[in-house]
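Listed here are the chains, written in short residue letters.
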Amino acid sequence: MKFALKLLYSILFCSLFISCSSDPASDPEVVTPPVPVVPVPVPVVEAKVTAYSINYGKPDEEVTIKGENFTDKLENISLYFDSVKATIIAASATEIKFKLPTTQNVIPILKLEIKNTNITNLVKNQYNGNIAILKANPAGSWIVSNSPTDNTQVIKIQILDNGAVYYNWETSIPYSGVTLSYNYVKRSLDDGKTWETWIETASTNWATNFFATNNDEGWSVYGAGSLYKIPMGGQTRTLLGNSFGSIIHMNVDESLKNGTVITSGGTIYTTTDGENFTKGHSSNLTNIGGITGSTYLDNDHIWSYGLRTISSNEGYRPILLYKKGSSAEWKEKIFSDGTKDDRIRVAQFFTENTGLMLYSNEIKTSILKSNDGGDNWNEIYSGEAFTKMTFSDADNGWAVSGKMIYKTTNGGVSWTLDYTHDEDVLSIASKNKVVWAASKSKILKRYL
């Protein structure tokens, strides 16, 4: 009996065990791991920026960045000027077209980003590979700031199309009982916020001893009759020639190849390769007299002025030495009706035909106008004893008399006092809707 019970219990236990072990709910779940997806590496493209369509411009102006291995997908391109994002207009593998934004700084840091692309900027310009954004400053009153230099004289102010400003200044230093004079050119690329010395020049009382281009290159005089080529950034020089004589006028194009030099004796030198100069017209202005100043529109339209000796009894008279056209010969006009005290102080032409001249003697100061390129002149104003004059266009101009700056809005026919400074104004110039002036210790500017 006991055996039968044990057998029964054994059978029941085995049945129960078999029943439990066969329960599908108790079977462990078998999980098949997913097949790992190996990411395909995205190759990094090597791109190059090789040039800009312009190196400077105004807000909303369209600019093209040129280079290699860009993309045509606008969504993958970002362009910043400092922290301001520019609007991309179009793109291809070799060009990115965009609009310049409005920035706080004149020379903001340009940062181009393209997805999965390493970009190398190969552009070398005066802005360290960046693009200058000129300010659209509102017209207003004169703004006066401290000059970076102590100016005994400021012979010339040159304003470029890109807004850069250059001026040459003379400083005098007493040394061992004598006074030594040194001349340098200062320049600002950021609307006068900062100034740097561009080059040292020859000492002169009236001559144009430098000429700068939009590339921050140019020509300069250093030493007796020596003309030098100045590279981008200035500081150094390369001799172009040392037998010109006293250079009064110089101009050269952006390539530094096509240019003209005029000496105090009225001798014209021209070049078409920037290295070799051909001697042309010579006025032989010797003894008392000579060329003292100039103005120009381009290499084929130049007007220089000074004095020519008439005779030992009559003394000298103002002379205009000029060329108006690529095929035109150099001409001389002597203002023989004047006196030996007459001077042409300033001349400026707006077109090949229309120009103004500041003409003075010990008795009066006049403004003369020509409508035929300098052949004939008529007086349109006589009054204030102006010494300097500049025009932004044929109607609007400014003239200096000591500490006072006068303004005209009708081409020089009438003038009104615009500003009185606390120092004599040494030089004044206008271009790009701004007037720049300099005194002994101040820099002045007025936005138009």
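What counts, and at which threshold
- Residues numbered from 1 in each chain as written.
- Predicted model: local features only at pLDDT ≥ 70, side-chain atom pairs only at ≥ 80, totals over all residues.
- Heavy atoms only, no water.
- Pairing = 2+ DSSP bridges.
- Helix = DSSP H or I, 4+ residues; strand = E, 2+ residues; numbered from the N terminus.
- Axes fitted to C-alpha atoms, helices over the stretch in contact; angles between N-to-C directions.
- Buried < 20%, exposed > 50% of the residue type's maximum accessible area, 1.4 Å probe, protein only.
- Polar contact = N/O pair within 3.5 Å; in protein donor to acceptor, adjacent residues only side chain to side chain.
- Contact = heavy atoms within 4.5 Å.
- Salt bridge = Lys/Arg side-chain N within 4 Å of Asp/Glu carboxyl O.
- Phe/Tyr/Trp six-rings, centres within 6.5 Å; stacked < 30°, edge-to-face > 60°.

Details of the sheet that holds strand S23 (residues 278-282)
Strand order in the open sheet formed by four strands is S20-S21-S22-S23, with antiparallel pairing between adjacent strands. Both edges of this open sheet fall to strand S20 (247-252) and S23, since each of them pairs with a single strand only. Sheet twist, expressed as the mean angle between neighbouring strand axes with direction ignored, is 20 degrees. Pairing of strand S21 (residues 259-263) with strand S22 (residues 267-271), which is carried by four bridges, proceeds in the antiparallel orientation. Paired with glycine 259 across the strands is threonine 271, a residue of S22.

Observations regarding the pairing of strand S17 (residues 218-221)
In S17, alternate side chains face the same way, and those of Gly218 and Ser220 on one face and Trp219 and Val221 on the other are all buried. Bridge count for strand S16 (residues 210-212) against S17 is three bridges, and the pairing is antiparallel. The residue bridging phenylalanine 211 from the neighbouring strand is tryptophan 219, located in S17. In sequence, S16 turns back onto S17 through a hairpin of five residues, with aspartate 216 there showing a positive phi of about 65 degrees.

A short note on the side chain of threonine 408
Mapping threonine 408 onto the fold places it in strand S34 (residues 404-408). Within the structure, threonine 408 has its side chain in polar contact with the side chain of asparagine 410 (distance 2.8 Å). With residues up to four places along the chain from it excluded, the contact list for threonine 408 reads Phe391, Asp395, Asn396, Gly397, Val413, Ser414 and Trp415.

A short note on the sheet that holds strand S29 (residues 355-360)
Pairing is antiparallel in the open sheet, where four strands are placed in the order S28-S29-S30-S31. Unpaired on one side and paired on the other, strand S28 (343-349) and strand S31 (378-382) mark the two borders of the sheet. Each adjacent strand pair in this sheet contributes to an overall mean axis angle of 25 degrees, direction not counted. Relative to S31, strand S30 (residues 365-370) runs antiparallel, the two being bridged by four bridges. Across the sheet, the residue bridging to isoleucine 367 is tyrosine 381, located in S31.

What to know about the pattern of salt bridges
Note on pairing: side chains with opposite charge can pair once their charged atoms come close. A full pass over the atoms with the stated rule returns 12 salt bridges. The shortest N-O distance in the salt bridge between lysine 111 and glutamate 113 comes to 3.2 Å. Among the residues examined, lysine 111 registers a relative accessible area of 47% and is labelled partly exposed. With a closest N to O distance of 3.3 Å, lysine 445 and aspartate 191 form a salt bridge. In this pair, lysine 445 sits in strand S38 (residues 442-447) while aspartate 191 sits in the loop between strand S14 (178-188) and strand S15 (196-201), placing the two residues 254 residues apart along the sequence. Here lysine 445 matches aspartate 191 in class, with each residue buried. One network of salt bridges, with partners in common, ties together Arg187, Glu196 and Asp216.

Notes on the side chain of histidine 421
Looking at the secondary structure, you find histidine 421 in the loop between strand S35 (416-420) and strand S36 (427-431). Polar side-chain contacts of histidine 421 include one of 3.4 Å to the side chain of aspartate 422. Discounting residues that sit within four places of it in the chain, histidine 421 has contacts with Val144, Lys403, Ser439, Lys442 and Leu444.

Digging into the packing of aromatic side chains
Here the distance between the centres and the angle between the planes together describe a pair of aromatic rings. Tallied over the entire structure, the rule returns 22 aromatic pairs. Summarising the aromatic geometry, the rings of phenylalanine 349 and tryptophan 377 are spaced 5.9 Å apart at their centres and angled 85 degrees between planes, so their arrangement reads as edge-to-face. With phenylalanine 349 in strand S28 and tryptophan 377 in the loop between S30 and S31, this residue pair connects regions lying 28 residues apart in the sequence. Taken as a pair, phenylalanine 349 and tryptophan 377 share a single burial class, namely buried. Centroid distance phenylalanine 391 to tryptophan 415: 6.0 Å. Interplanar angle 80 degrees. Geometry classified as edge-to-face. Separated by 24 residues along the polypeptide, phenylalanine 391 in strand S32 (residues 388-391) and tryptophan 415 in the loop between S34 and S35 bring together distant segments of the chain.

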